[in-house]
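In case you want the letters, here they are:
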2 protein chains.
Amino acid sequence: MRVLGVDPGLTRCGLGVVDGGKGRTVRAVAVGVVRTPPDADLALRLLGIADEVEVWLDKYRPEAIAVERVFAQHNVRTAMGTAQAGGVVALAAARRGLPVVFHTPSEVKAAVTGSGRADKAQVTGMVMRLLNLEVKPHPADAADALALAICHLWREPMRVRLAEAEARAAELARAHKAKLAAAAKQAGAATRTPARRAPLRTPTKLDDTGAPR
Amino acid sequence: MRVLGVDPGLTRCGLGVVDGGKGRTVRAVAVGVVRTPPDADLALRLLGIADEVEVWLDKYRPEAIAVERVFAQHNVRTAMGTAQAGGVVALAAARRGLPVVFHTPSEVKAAVTGSGRADKAQVTGMVMRLLNLEVKPHPADAADALALAICHLWREPMRVRLAEAEARAAELARAHKAKLAAAAKQAGAATRTPARRAPLRTPTKLDDTGAPR
């Protein structure tokens, strides 16, 4: 399974391709960053990112895309641009029928370092160790993109298995409920039928003293 | 000039095409809304919006796109989705070489109603009056898209004229500065040259009492 991890951003958009092997083995295929000039038109910056991502999709043919889910950070304007960059990447992947999954920063940190609160340096360090890199990926966005891809490779099978288990549980629950309903119906047919036939005469109304009116 | 106004959103994305004529005359060409199912994958929702916008661009051939600029609202998650929807629309336009301009909600309200604090009903009312619509555009996102297109038609010529005036002013300032610099250089050549030749002997240092050391 080959995954393209994307740390979205307008000024720097990190891209990292990782192959997942047996168990937890992972191998770096490519890493890089797309930059767009801050003084350029927003639409043209998005186009620059989309075009470069298309090149990566053509060249490395990933089977899935993992994008960092953006939350409103300290800087709202930056967050919006980041969301838009992630959006055009997701669009490019969807056009090719590739699954796109969004992972939160803490999911990525937890997957790679074991702690959802790890700092940038810890994430970079673990990414280097896991992928056997001798040189630190630069800038940090590139390392984050690799971390996203690793996170996806490790979390996705679990997510799929969990979804399957949930589907199975729901199916069992449905079957069980249907069985219960059938049993209740049968029991009802045995007990309720005479009850329905019982009121052969109009029940006598009683007044407050209990005497028949 | 024909403008496609876009009120971006994942659940409802308003689209409105307006032709601008002489002066402030405007004419509605088309209005509608793209909906995507809230339970669908984000990437597929973005694809649904992008595909529909492509259809509109093919069909109505606008010369410019006006998109509402999103700020983080009450709901951060919604704001992110809105930003992403706007991003894929901007991308579609940029791919065709069309200019994309983002307008803030208050710019749109001010352009259409005269007040940046107008409410939805006032905006819809003015849009109906300006475009001679007998039926209220529904949902509100559709009316907002028309308002965006009108805002763009009215603001853009001013924005362009302002930019030209600023460029002219900057050019004049540059020329003036160059002239000043040239004059200063000439003056400097006349006065500074002997000044540079003045310190022929080492200046005598004085101690605290004022006597030569």
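Residues numbered from 1 in each chain as written. Chains lettered and ligands numbered in written order. Predicted model: local features only at pLDDT ≥ 70, side-chain atom pairs only at ≥ 80, totals over all residues. Heavy atoms only, no water.

Draft legend 1. Broad picture of the pattern of salt bridges. Using the criterion set out here, one finds 20 salt bridges over all chains in the structure. Arginine 96 of chain A serves as the salt-bridge partner of glutamate 54 of chain A, at 2.6 Å between the closest nitrogen and oxygen. Placement of the pair is glutamate 54 of chain A in helix H1 (residues 42–60) and arginine 96 of chain A in the loop between helix H2 (76–95) and strand E5 (100–103), with a sequence separation of 42 residues. Arginine 27 of chain B is the salt-bridge partner of aspartate 19 of chain B, the closest N and O atoms lying 3.1 Å from each other. Here the residues in one salt-bridge network are Asp51, Glu54, Asp58 and Arg96 of chain A together with Arg95 of chain B, joined through shared partners. (Salt bridge = Lys/Arg side-chain N within 4 Å of Asp/Glu carboxyl O. Helix = DSSP H or I, 4+ residues; strand = E, 2+ residues; numbered from the N terminus.)

Draft legend 2. Structural detail: the interface of chain A and chain B. On the chain B side, the residues contacting the 28 residues of chain A number 28 residues. Counting the surface lost from both chain A and chain B, the interface buries some 2,100 Å², and carbon and sulfur atoms represent 71% of this. Of all residues in chain A, the largest losses of buried area upon contact with chain B belong to Met80, Leu91 and Arg95 of chain A, amounting jointly to 24% of the total for that side. On the surface where chain A and chain B come into contact, there are four salt bridges. (Contact = heavy atoms within 4.5 Å. Buried area = accessible area lost by both parts, 1.4 Å probe.)

Draft legend 3. Spotlight on the UniProt feature "binding site: Mg(2+) 2" (unreviewed entry) in chain A. Residues and elements named next belong to chain A. Using the residue numbers shown here, the UniProt feature "binding site: Mg(2+) 2" (unreviewed entry) corresponds to Glu68. Relative to the helices and strands, glutamate 68 resides in strand E4 (residues 64–68). Dropping the residues within four chain positions of it, glutamate 68 is found in contact with Val6, Asp7, Pro8, Phe102, His103, Pro105 and Leu148. (UniProt positions renumbered as here; feature names shortened; annotations may be inferred.)

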